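# Observations on the three-dimensional arrangement
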Amino acid sequence: MDISPLGTLARTHTAGQLTAQDVGKDVVLLGWVHRTRDLGPFVFVDLRDRHGLTQVVARNNDSLVADAKRLRAEFVIAVLGTVVRRESPNPKMSTGEIEVDAREIRLLNDAKVPPFSISNEDATVAEEMRLKYRYLDLRRPRMQHNIALRHKATMEIRKYFDENGFLEIETPMLAKSTPEGARDYLVPSRVHPGEFYALPQSPQIFKQILMISGMDRYFQIVKCFRDEDLRADRQPEFTQVDLEICFATEDLVFSTIEPLMERLMALIGKPAPRPFSRMPYSEAIATYGSDKPDLRPGMEIRDVSAAFAESTFTVFQDVVAFGGEVRGFVVKGGAKYSRKDLDELVDLAKQQGASGLVWARNAAGAIQSSALKAAGEATIRQALESAGAAEGDLLLLAAGAHEPTAKALGALRLHVAKKENLLDPDRFEFLWVVDFPMFEWQAGEGGVPGRYEFMHHPFTAPLESDAPLLETDQGRARARAYDLVLNGSEIAGGSIRIHDQAIQRLIFKLLQISDEEARSRFGFFLDALEYGTPPHGGIALGLDRIVAILGREPSIRDVIAFPKTAQAQDLMAGAPSTVDDKQLRELKLKAL
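Read on for a plain summary of the structure. Keep in mind that this is a model prediction, so the values were computed, not measured.

Counting secondary structure elements, the chain contains 16 helices and 22 strands. Structurally, the chain occupies a C-alpha span of about 90 × 75 × 50 Å along its principal axes. Buried positions account for 48% of the 592 residues belonging to the chain. A separation of at least 24 residues holds for 67% of the contacts in the chain among residues at least 6 apart in sequence.

Turning to the packing of helix α9 (residues 339–351) against helix α12 (residues 402–419), a few remarks are in order. Across the interface, α9 lies against α12 with an axial gap of 10 Å and an inter-helix angle of 145 degrees. Once α9 is placed against α12, the crossing between them reads as right-handed. Of the residues in α12, those in contact with D341, L345, L348 and A349 of α9 are L412, H415, V416 and K419. The residue makeup of the contact of α9 with α12, split by class, is five nonpolar, one polar and two charged.

Moving on, we come to helix α15 (residues 543–550). Burial within α15 is extensive, with eight of its eight residues counted as buried. Within the span of α15, buried status applies to L543, D544, R545, I546, V547, A548, I549 and L550. A positive phi of about 55 degrees marks R552, the residue just after α15.

Taking strand neighbours around the barrel as the criterion, the five strands line up as β1-β2-β3-β5-β4 in a closed arrangement whose pairing is mixed. If you compare each strand with its neighbour and ignore which way they point, the axes differ by 55 degrees on average. Relative to strand β3 (residues 52–58), strand β2 (residues 43–49) runs antiparallel, the two being bridged by seven bridges. Within the sheet, the bridge partner assigned to R48 lies in β3 and is L53. Each of β1 (26–38), β2, β3 and β5 (98–109) touches helix α1 (residues 62–69); the most contacted strand, β5, lies at about 65 degrees to it.

Before going further, it helps to examine the side chain of D46. By the secondary structure assignment, D46 is in strand β2. With relative accessibility at 5%, the residue D46 sits in the buried group. Within the structure, the side chain of D46 is placed 3.3 Å from the side chain of R37, a separation counted as a polar contact. Sequence-distant contacts of D46, that is, excluding residues within four places in its chain, are made with W32, V33, H34, R35, R37, T54 and Q55.

Our focus in this paragraph is the packing of helix α7 (residues 281–288) against α12. Pairs of packed helices are described in terms of their axes, by the angle between the two and the distance that separates them. Viewed as axis vectors pointing N to C, α7 and α12 meet at an angle of 60 degrees, and their least axial separation amounts to 7 Å. Taken together, the axis directions place α7 and α12 in an arrangement best described as oblique. Of the residues in α12, those in contact with Y281, I285, A286 and Y288 of α7 are H402, E403, A406, K407, G410 and R413. Looking at side-chain class alone, the contact of α7 with α12 contains five nonpolar, two polar and three charged residues.

Residues M261 and L541 are the most contacted members of the largest nonpolar core, which totals 43 residues. Here this core takes seven residues from helix α6 (residues 250–266), the largest share from any one element. Excluding anything up to four places from it in sequence, M261 contacts A272, F276, F430, L484, I491, L541 and I546. Of all hydrophobic cores here, the second largest spans 36 residues; its members include M279, A406, L469 and I507.

Here we take up the pattern of salt bridges. Evaluation of the coordinates by the stated rule reveals 48 salt bridges. Note that E237 and K223 form a salt bridge whose closest N and O atoms lie 3.7 Å from each other. Taken together, the residues E237 in strand β10 (residues 237–246) and K223 in strand β9 (residues 217–225) connect sequence positions 14 residues apart. We classify E237 as partly exposed; its relative accessible area is 25%. Here the salt bridges share partners, and the residues they tie into one network are R130, R134, D137, R140, R142, E553 and D558.

This next bit is on the pairing of β9. With eight of nine residues buried, β9 lies mostly within the body of the structure. Here β9 pairs with β10 via nine bridges, running antiparallel. Looking across to β10, one finds that R217 is bridged to I245.

With that settled, the discussion passes to the packing of aromatic side chains. Taken as a whole, this structure holds 18 aromatic pairs when the rule is applied. Judged by centre distance (5.4 Å) and plane angle (70 degrees), the rings of Y160 and F161 are edge-to-face. Classification of Y160 as buried rests on a relative accessible area of 4%. Take F161: its relative accessible area is 0%, and that puts it in the buried class. With centroids separated by 6.3 Å and ring planes inclined at 85 degrees, the aromatic side chains of W432 and Y482 adopt a geometry described as edge-to-face. Placement of the pair is W432 in strand β17 (residues 430–434) and Y482 in strand β20 (residues 481–486), with a sequence separation of 50 residues. Look at W432 and you get buried, because its relative accessible area is 0%. By relative accessible area, which is 1% here, Y482 ends up buried. Put simply, the rings of Y160, F161, F166 and F219 pair up and form one aromatic cluster.

This brings us to the sheet that holds strand β15 (residues 366–369). Ordered by their spatial adjacency, five strands build an open sheet running β12-β13-β16-β14-β15, and the pairing between neighbours is antiparallel. Two strands in the sheet have a free side with no partner beyond their single neighbour: β12 (302–303) and β15. Across four bridges, the pairing between strand β14 (residues 358–363) and β15 is antiparallel. Bridging from a neighbouring strand, R361 pairs with Q368 of β15.

A few words now on unusual backbone geometry. Backbone phi values are negative for most residues with the exception of glycine, while trans is the configuration of most peptide bonds. A cis amide bond links R274 with the next residue in sequence, P275, at an omega value of -5 degrees. Among the structural elements, P275 can be located in the loop between α6 and β11 (277–280). Across the junction of A575 and P576, the peptide omega takes the value 0 degrees, indicating a cis bond.

With that settled, consider a nonpolar patch on the surface. Residues Y135, F562 and M572 make up a contiguous nonpolar surface patch of about 300 Å² in total accessible area. Summarising the element assignment, F562 is placed in the loop between α15 and α16 (581–586).

Criteria and cut-off values
- Per-chain numbering applies: the sequence of each chain, read as written, is numbered from 1 onward.
- pLDDT decides what is reported in this predicted model: residues at 70 or higher carry local features, side-chain atom pairs at 80 or more are listed and counted, and totals for whole chains, interfaces and linings draw on all residues regardless.
- Based on all heavy atoms of the structure, the side-chain values leave hydrogens and waters out of the count.
- Each helix is a run of H or I in the DSSP string that is no shorter than four residues. Each strand is a run of E no shorter than two, and both are numbered from the N terminus.
- Relative accessibility under 20% of the residue-type maximum defines a buried residue, over 50% an exposed one, and the middle range a partly exposed one, all with a 1.4 Å probe and only protein chains included.
- Pairs of residues are marked as contacts when any of their non-hydrogen atoms sit within 4.5 Å.
- Angular values range over 0 to 180 degrees, each being the angle between N-to-C directions of two axes fitted as lines to C-alpha atoms, with helices fitted over their stretch in contact.
- The hand of a helix crossing depends on one turn: near helix anticlockwise from the far one by less than a right angle means left-handed, and clockwise means right-handed.
- Ten residue types, Ala, Val, Leu, Ile, Met, Phe, Trp, Tyr, Cys and Pro, are classed as nonpolar, four, Asp, Glu, Lys and Arg, as charged, and the remainder, Gly among them, as polar.
- In this analysis, strands are considered paired if DSSP registers two or more bridges between them.
- Think of a polar contact as two N or O atoms within 3.5 Å of one another; within protein, one of them needs to be a possible hydrogen donor and the other a possible acceptor, and neighboring residues in sequence only count if both atoms come from side chains.
- An angle below 35 degrees is treated as roughly parallel, one above 145 as roughly antiparallel, one from 65 to 115 as roughly perpendicular, and anything else as oblique.
- Definition of nonpolar core: a set of buried residues of the types Ala, Val, Leu, Ile, Met, Phe, Trp, Tyr and Cys, connected through side-chain atoms within 4.5 Å.
- Basic side-chain nitrogens of Lys or Arg form a salt bridge, by our definition, when they fall within 4 Å of a carboxyl oxygen of Asp or Glu.
- Geometry of aromatic contacts follows a simple scheme: Phe, Tyr and Trp rings, the Trp one being its six-membered ring, pair when their centres are within 6.5 Å, and the pair is stacked under 30 degrees between planes, edge-to-face over 60, tilted otherwise.
- Patch definition: residues above 30% relative accessible area lacking any salt bridge, with like charges linked at up to 9 Å and the nonpolar side chains Val, Leu, Ile, Met, Phe, Trp and Tyr linked at up to 5 Å.
- Only the protein chains shown count as cover for residues, and all accessible areas are computed by the Shrake-Rupley method using a 1.4 Å probe.

So this is what it looks like as structure tokens:
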């Protein structure tokens, strides 16, 4: 079977389009061979394109059947035939009522045997193999669905913002290095030797300048770059939906984003009831041990310090006496856990920074605990009651300083939630986390003293009620910053910005950024602030993370067409790579 040209042949229908209403029509289908089934006198061929599958049958023609027998998976073919009803309909296929009775099959191109199956999505394929042969991986229905979902999301986003008076404005990809917490990707300048551009970590300064420019409402679906260690939800280049609004308040930003999320959820047929819940940062840490809490499993962390204040269990009593806390959460039905299960939880708590873990349970009326002998039954019973544990439940306890104890329990809580299958992928819980600390303390190293650093970025405004704390007790000052959390993932973050030059200078001073350094890093922006800056604020949504959650994918790599590995490599293209000496000489650079 020789390869034929496409010529003037044109597709009449996609492979996911034909139904019983098309019976009797002459059609032309173009696509890939998904699989074949050779039944001797006739051959079934499943033809695939990104729209779906259609069954083709070759019969009653010896030459045609012989051609069909020579087809292999991933050959590119054209099929000319007539739509007929299938004798055995397949309700699992949108085209399952029909098949195409072929009168001609043209081979448009052959294919090597793929290194993994395209048709069998249940087959286990190493991610490195999938990324090396990404052009094949992208043919699989799962990936085609994900990329199509991403397209629908971006189209809905653009439509929504256009309807609400936003202008889509592009900001520079080659910009000045203004570090925002992660390392910049630097681009050497050929015409200015020894000088560098930086790929933007975000359009932060430019979008604020657009507000100073009177653009009023800006948005952009933009690539951003951060040279940092990667995880399942991180990439060196990622896409965010960036927006900024003049004369913004928190309520205005929230009321702008919530209807957008409602429209995105509608793409998968799920609701997003408004208004979304709001929770201060301090409550999120205390109750869930995280600033991006997953609300689905419940299991709130509670303070049970009072049960141990006068206890004979001196380990916990001493913690309480010196200002620490005893905190814990209840696992419903967890009394069934074996000693091996409990020992694993103890080890995990220690890995998360807890000094230890105490468990307690009421098993058929009998109080049991790893601290029963030291604390006594009355104390353990009081702790169970304070935490809301019923018969058959398990209480997990840790003690220490407030925040590290809560965070260790928060990590343990998510581990238990996964173990108990409490993270329902079809349930979606939105939450605004607000009132973040303005600064966080960074301990010094190697003789360098510790210092406060900004938690978000240095252009975030303080809460008006906390502004006096900036010069008296900056560690307690809260920011007008907010994150949108969905199912334990931060999908958006933003703030109301500083528009007052005096406050901006004070923030730089508190961060130990000298006037000279501020001028060097942000001079053009500081100049712009002097020309009538309106109050403004905004937010950036992580498009990759949002689409991954909508698609029920655990990794954003599965909703990005050409992602990098965890080592920031493109296995398909072979990037990063060396460059030749001529290119380096032009840039006045030398490879080490």
